[in-house]
Amino acid sequence: MLERIASPAETTAGPATPRGHRLDIDGVRVRYGQSVAVDGVSLTVEPGEILALLGPSGCGKTTLLRTVAGFIRPDAGRVTVDGSPIDHLPPGKRGVGIVFQSYALFPHMTVAENVAYGLEARRMPKAEVVRRVEAALAAVRMEAFAERRPRALSGGQQQRVALARALAIEPAILLLDEPFAALDRALRLDLQLEIKRIQRRFGVTAVLVTHDQDEAMSMADRMAVMRGGRVEQVAAPAEVYDRPGTPFVAGFVGTTNALHGRVEAREGAGYRVRLDVGATVPVESPRGFAVGDRVVLCARPEHLALREAGDPDPAAWPARLRLSLPLGPSLVHDVEAGSTEMKLHESRRGAPPAPGPVRVALSPAARPTLFPAGDLA
Ligand SMILES: Nc1ncnc2c1ncn2[C@@H]1O[C@H](COP(=O)(O)OP(=O)(O)OP(=O)(O)O)[C@@H](O)[C@H]1O
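Residue numbers run consecutively from 1 along every chain, following the written order of its sequence. Only residues with pLDDT of at least 70 are given local features in this predicted model, and only at 80 or more are side-chain atom pairs given and counted; all residues enter the totals for whole chains, interfaces and linings.

Per an unreviewed UniProt entry, the chain is named ABC transporter ATP-binding protein, and its organism is Roseomonas indoligenes.

If you want it as C-alpha cells, here you go:
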C-alpha cells in the first residue's frame, strides 16, 4: 500500500478507488465468564470501505475489534481477510494496523523511531524501513516532525504519528479504536479529514469503533449499529437515519419521537394509524401489520410541524409548546402532548413562537417509521 502512498505523482486526492482488502467476520461470539460480550456477529467490510461499529458503552464494539486484531480468541466464529482465515495468527502476523484512543507512542523515541519500531520488529532491511517511515509520515503530513519526541507534539499530531505507525506496516486492514476520543473538537475534525483523505486516496479498508453517531455518520461508508453484543442494523449512514431497522436504532442514531398508537386500517402503501396523542395519520410502511395492532411511530424532529392551536385538521393533535430554541437557521421546539414529549425541528422564520397551546402534525414530506409496539424494548 505504501508504494502507492509514496508515489510522488499522487499528490492530489482522486475519487475513491477500492484497492484494499476484504474483511469477513463470521458468526463471532466472545464470552467473558458467564456474560456474552459479542453474540454471534457476522459482518463484511468491503475493500476500501470504512465500516463504523457504533453503539452504546458495553455493547461489544471494542471486544469485536480486539478479536479481529487477534488480542482476543473468540469462543466461536472466524475472521478472514480476502477469504483466508487469520484466527490462528498472532496479532503481529495478521496484517492489521491499529490506532488506539491513547496514542501509545514511546516517549523516549523520536517520531521516526516510533514509526520504525514495528518494521524493525519485523526485521525489515534498514533501507526499506527508512523508505516506509518517510512514506508513512508524508501520508499523514508529519515528515517535518520526524526527529521530535512525542511530548513536543499536540494530541492531534501524536495521533497522526500513531496513524503513520499503523500505516507503515502496510496493513491489509486498519483498525481504529475511538482514535479521536482524546482530541478536542478542532483537532478531531483535522484527524477525521486526514483519515478520510488517506482512505479515499489509497483505498484502505478500515473498521472504526465509536460511540459518537456524528463521527460514524461523517466517517463511515456503512455503519453497524450494535446493542448487547449483537448487530441491529448495517447500512449506509443515510439509510440508517432515514430507515432505521429497529426503534433502538431510531433512538440511538439521531433523535426520534416515539408516538404510540393502533392500526385503524390499511391505506395506500401503508396504514391509517390512530395515535394515542389524539390524531389519525396516514403512514407508509413496507411492514405487515393487522388492523388493531399496537404500533410505535418513530418520527424525526424534522418530520413534525407546529400548527396553530385552532387548526381543525384531524391529522394534527393538541399539544403545548414549552420552549423554542433558535439554533442557527433552525428552531428546535420542545413540545408535550399529555405524557408524550416531542422535539420538533423547523427552519426559522422570524421570531420564535411564544410558549402555549399549539397543534402538531406530520410534515407533508415526512417519512416516519412504523414498528410493532413490542419492538420498543
Ligand atoms: N476483560 C473483560 N472481562 C470481563 N468483562 C469484560 C471485559 N472486557 C469487556 N467486558 C464486558 O464485555 C462487554 C462488552 O465490552 P466492550 O468493551 O467490548 O464494549 P464497548 O462497546 O467497546 O464499550 P465502550 O464504548 O465503553 O468501550 C461489557 O459488558 C463489558 O463490561
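There is more to say, and it comes next.
**Q** What should I look at first to understand the overall build of the chain in this one?
**A** Assigned secondary structure in the chain consists of nine helices and 20 strands. With C-beta atoms placed from the backbone, the exposure class of a residue follows from how many other C-beta atoms lie within 10 Å of its own: 20 or more, buried; 12 or fewer, exposed; in between, partly exposed. A total of 377 residues make up the chain; the buried ones form 41% of that total. Relative to all contacts within the chain whose residues are 6 or more apart in sequence, the contacts with residues 24 or more apart total 67%. Where helices and strands are cited, they refer to DSSP runs of H or I of at least four residues and of E of at least two residues respectively, numbered from the N terminus. We call two residues in contact if the C-beta atoms placed from their backbones are at most 7 Å apart.

**Q** I'm lost on the confidence of the model for the chain in this one. Help?
**A** When pLDDT is averaged across the chain, the result is 90; 94% of the residues are at 70 or more. Each residue carries a pLDDT value, the predictor's own confidence for that position, ranging from 0 to 100. Across residues 1–18 the pLDDT falls below 50, and counting only partners more than four positions away or on other chains, this stretch makes 28 contacts in the model. Under the prediction, the complex receives an ipTM of 0.96, its pTM being 0.86.

**Q** What should I look at first to understand the site of the ligand in this one?
**A** In this entry, near means the residue's backbone-placed C-beta atom lies within 6 Å of the molecule or strand. Around the ligand, the neighbouring residues are Y32, A37, G55, S57, G58, C59, G60, K61, T62, T63 and H211. Counting residues per element, the shell around the ligand draws most heavily on helix α2 (residues 61–69), at three residues. Note that Gly is not counted as nonpolar here; it falls among the polar residues with everything else outside the nonpolar set of Ala, Val, Leu, Ile, Met, Phe, Trp, Tyr, Cys and Pro and the charged set of Asp, Glu, Lys and Arg. Split into classes, the residues belonging to the shell around the ligand amount to three nonpolar, seven polar and one charged.

**Q** It is not clear to me how the UniProt feature "domain: ABC transporter" (unreviewed entry) in the chain should be interpreted in this structure. Could you clarify?
**A** UniProt positions are given in the numbering used here, feature names are shortened, and annotations may be inferred rather than shown by experiment. Cross-referencing UniProt, the feature "domain: ABC transporter" (unreviewed entry) maps to residues 23–253 in the present numbering. With 37% helix and 26% strand, residues 23–253 has end C-alpha atoms that lie 25 Å from one another.

**Q** How do you make sense of the packing of helix α4 (residues 126–139) against helix α5 (residues 155–168) when you look at a structure like this?
**A** Pairs of packed helices are described in terms of their axes, by the angle between the two and the distance that separates them. Axis separation between α4 and α5 bottoms out at 8 Å; the angle between their running directions is 135 degrees. Judged by the angle between their axes, α4 and α5 are oblique. In this structure, α4 meets α5 at a crossing whose hand is right-handed. Contacts from R132, V133, A136, L137 and A139 of α4 reach α5 at A164, L167 and A168. Residue classes in the contact of α4 with α5 are distributed as seven nonpolar, no polar and one charged. Fitting a line to C-alpha atoms yields each axis, with helices limited to the stretch in contact; the angle taken between N-to-C directions then spans 0 to 180 degrees. These descriptions rest on fixed angle ranges, namely under 35 degrees for roughly parallel, over 145 for roughly antiparallel, 65 to 115 for roughly perpendicular, and the rest for oblique. Take the far helix as the reference: if the near one is turned anticlockwise from it by less than a right angle, the crossing is left-handed, and if turned clockwise, right-handed.

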